[in-house]
Amino acid sequence: MNILVSNDDGIEAQGIKELVKALSGEASVYVCAPDGQRSASGHGITVSTYITVQEEKFENAEYALSTSGTPADCVKLGMKILADRGVNIDMVFSGINHGGNMGTDVFYSGTVAAAIEGSICGVPSVAVSVDSHGATHFEYAAHLAVEALRKSRGRLSPDIVLNINTPDLPAEEIKGLKLTTLGKREYNEFFSPTDLGNGLTGYRYSGDPVIYEGLPDTLDVMAMQDGYASITPIHRDLTSYDMIDEIRNWRIE
């Protein structure tokens, strides 16, 4: 079995090293990841310029590339380059991300975008994240990635992405695993202005996650808040099927 691993934190991030190490005991692992930080890059792909590609040495990987592109670029282009080398990818894993990707975060996440790109390219895909930008505990996330690989093999549709999130805690301190749905991920957010000179003002986005109370524990954001890991199956189809007949009745012509 051939697995392609990517991320949005860059090829030097500790999380991707931990993921590749864990998966290499189960399959042949190939890496195509950004050459630097691409967090919150969403599902953008590069069309207005060239994507540069560089071979890399990467422990526990059969072959590794870094690119100047986005996480989605890395999966799309990585699968093409590997196919040209006679390597057909059976599954895509993205992560392990330094920072959670729950609820509406999935629309911004380069980590989830890489996994969704794998789905678009026709292979089952998994995104894995630890809920801290300063993550240090990857062992449980790596364990769940391996479990997802073992248990989903031959069962996971290419149309579905498994989105895994774990608290940044030692494995023995995590309360367990919950199967969840996407919640609403809100932040006490702000844009910090900075004088850039020449009459220009720059703004940098930041914010702290809202702490929720009284929401169902089946939501990914609540599971994480309560000290559990979560797995959420997500689909790229954003259609609101319930609205189709309603809009038909509006008689927009």
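Here the structure is shown first, and the text comes after it.
Note that the coordinates shown come from a computational prediction; the quantities given were computed from them, not determined experimentally.

Caption draft 1: Region of interest: the side chain of arginine 185. When you line up the elements, arginine 185 lands in the loop between strand 8 (177–179) and strand 9 (187–197). In terms of polar contacts, arginine 185 uses its side chain to reach the side chain of aspartate 131, at 3.5 Å. Within polar-contact distance, the side chain of arginine 185 engages the side chain of tyrosine 187 at 3.3 Å. With residues up to four places along the chain from it excluded, the contact list for arginine 185 reads Met102, Gly103, Thr104, Asp105, Asp131, Pro209, Tyr212 and Val221.

Caption draft 2: Spatial organisation of the packing of aromatic side chains. Counted according to the given criterion, the structure contains 1 aromatic pair. Sitting above the plane of the tyrosine 228 ring, lysine 178 keeps its charged end 4.2 Å from the centroid.

Caption draft 3: Region of interest: the nonpolar core. Residues Ile3, Val5, Leu23, Val31, Phe93, Ile96 and Val128 are the most contacted members of the largest nonpolar core, which totals 35 residues. When residues of this core are traced back to their parent elements, those giving at least two are strand 1 (2–6), helix 1 (14–23), strand 2 (28–34), strand 5 (91–98), strand 6 (125–130), helix 4 (139–152), strand 7 (160–166) and strand 11 (229–235). With 8 residues, helix 4 is the single largest residue contributor to this core. Apart from residues lying up to four places away in sequence, valine 128 is in contact with Phe93, Ser94, Gly95, Ile96, Asn97, Thr111, Ala141, Ala145 and Ile164.

Thresholds, definitions, all that
- Residues numbered from 1 in each chain as written.
- Predicted model: local features only at pLDDT ≥ 70, side-chain atom pairs only at ≥ 80, totals over all residues.
- Heavy atoms only, no water.
- Helix = DSSP H or I, 4+ residues; strand = E, 2+ residues; numbered from the N terminus.
- Polar contact = N/O pair within 3.5 Å; in protein donor to acceptor, adjacent residues only side chain to side chain.
- Contact = heavy atoms within 4.5 Å.
- Phe/Tyr/Trp six-rings, centres within 6.5 Å; stacked < 30°, edge-to-face > 60°.
- Lys NZ or Arg CZ within 6 Å of the ring centre and 35° of its normal.
- Core = buried A, V, L, I, M, F, W, Y, C linked by side-chain atoms within 4.5 Å.
- Buried < 20%, exposed > 50% of the residue type's maximum accessible area, 1.4 Å probe, protein only.

Limitation: the analysis is restricted to geometry and does not speak to function.
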